[in-house]
Amino acid sequence: MTGRLIVFEGIDGSGKSTQVRRLAQRHDFDATFQFGATDVGSAIRSILLDPDNERLDDRTEALLIIADKAQHVSEIVRPALADGRTVISDRYRASTLAYQGYGRGLDLQLLDAMMHFATQGLEPDLTVLLDFDVATALERLGDQRDRIERAGTEFYQRVRDGYLELAAQNPDSWAVVDANGSVDEVAAHIETEVDDWLVANS
């Protein structure tokens, strides 16, 4: 495959979706997201986010998310990379480690092994972490939250801490951007990080 995979990660409310769209438009990259970008993924997403599914087991949640990743990579990501296109994905493997591993407390090594199987070992070339204050993020989400967004402050703090730990473990392939500024300020920081990476890897 000749294309490259850039992934945006961060807690809900950190502004990932907005920044993915901006960067994709600026560079004419393919933009996609997990979970729910495929027809199969959309059905999975409706189960995962439905507030009425309060009894959904944490392991069931993880397995559904990993199933979405398998379909997403097979149907969208790999074909685009094979055509030489650069893909920007709003979430990828690290989200599962952060949310279901650090957040829910499931086994990190087991999750990583299952994701390796689901994604056929496809690793991001660059991961951009939008690091954001938990209290502000939850305030942004408002009162109409989905099932996962209702997990609460302590859960989201564990997720944020998990992301920062993953970034510290992989400094060569991760860029951490402070997402507490304005949309334009954050976009400028992202553009600097990505442009420098593109030049270094051209």
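For the structure itself, look to the data block above.
Along each chain, numbering runs from 1 in the same order as the chain's sequence is written. At least 70 in pLDDT is required for a residue's local features to be given in this predicted model, at least 80 for side-chain atom pairs to be given and counted, and no such filter applies to totals for whole chains, interfaces and linings, which use all residues. Here the side-chain values reflect all heavy atoms present in the structure, with hydrogen atoms and water set aside.

Enquirer: Before we move on, can you summarise the overall build of the protein chain with the specific residues and values?
Expert: Secondary structure is summarised from DSSP: a helix means a run of H or I of at least four residues, a strand means a run of E of at least two, and numbering begins at the N terminus for each. Helix and strand content of the protein chain: eight helices and five strands. To get the radius of gyration, use the C-alpha atoms; to get the globule rule, take the number of residues to the power 0.38 and multiply by 2.2 Å. Relative to the 2.2 N^0.38 estimate, which gives 17 Å for 202 residues, the radius of gyration of the protein chain is 16 Å and therefore close to what a compact globule would have. Along the first, second and third principal axes, the C-alpha atoms of the protein chain reach 50 × 35 × 30 Å. A buried classification covers 48% of the 202 residues belonging to the protein chain. Throughout, a contact is declared for two residues whenever any of their heavy atoms are within 4.5 Å. Counting contacts in the protein chain only where the partners sit at least 6 residues apart, residues at least 24 apart contribute 79% of the total. Positive residues here are Lys and Arg, negative ones are Asp and Glu, while His and the chain termini are left out of the count. A charged residue contributes its charge at one atom only: NZ of Lys, CZ of Arg, CG of Asp or CD of Glu. Treating the 20 positive side-chain charges of the protein chain as one cloud and the 36 negative ones as another, the clouds have centres 3 Å apart. Relative accessibility decides the category of a residue: with a 1.4 Å probe and only protein chains considered, values under 20% of the type maximum give buried, values over 50% give exposed, and everything between is partly exposed.

Enquirer: I'd love a proper account of the sheet that holds strand β1 (residues 5-9), names of residues and values included.
Expert: One open sheet accounts for five strands, arranged β2-β3-β1-β4-β5; its pairing is parallel. For this open sheet the edge positions go to β2 (30-33) and β5 (174-178), each flanked by a neighbour on one side alone. With strand direction ignored, the average angle separating the axes of adjacent strands in the sheet is 20 degrees. We call two strands paired when DSSP finds no fewer than two bridges between them. Where β1 meets strand β3 (residues 87-90), four bridges bridge the pair, whose relative direction is parallel. If you follow Val-7 over to β3, its bridge partner there is Ser-89. Axis lines are fitted to C-alpha atoms, over the contacting stretch for helices. Their N-to-C directions set the angle, which ranges from 0 to 180 degrees. This element, helix α8 (residues 183-200), spans β1, β4 (126-131) and β5 of the sheet and lies at about 160 degrees to β5.

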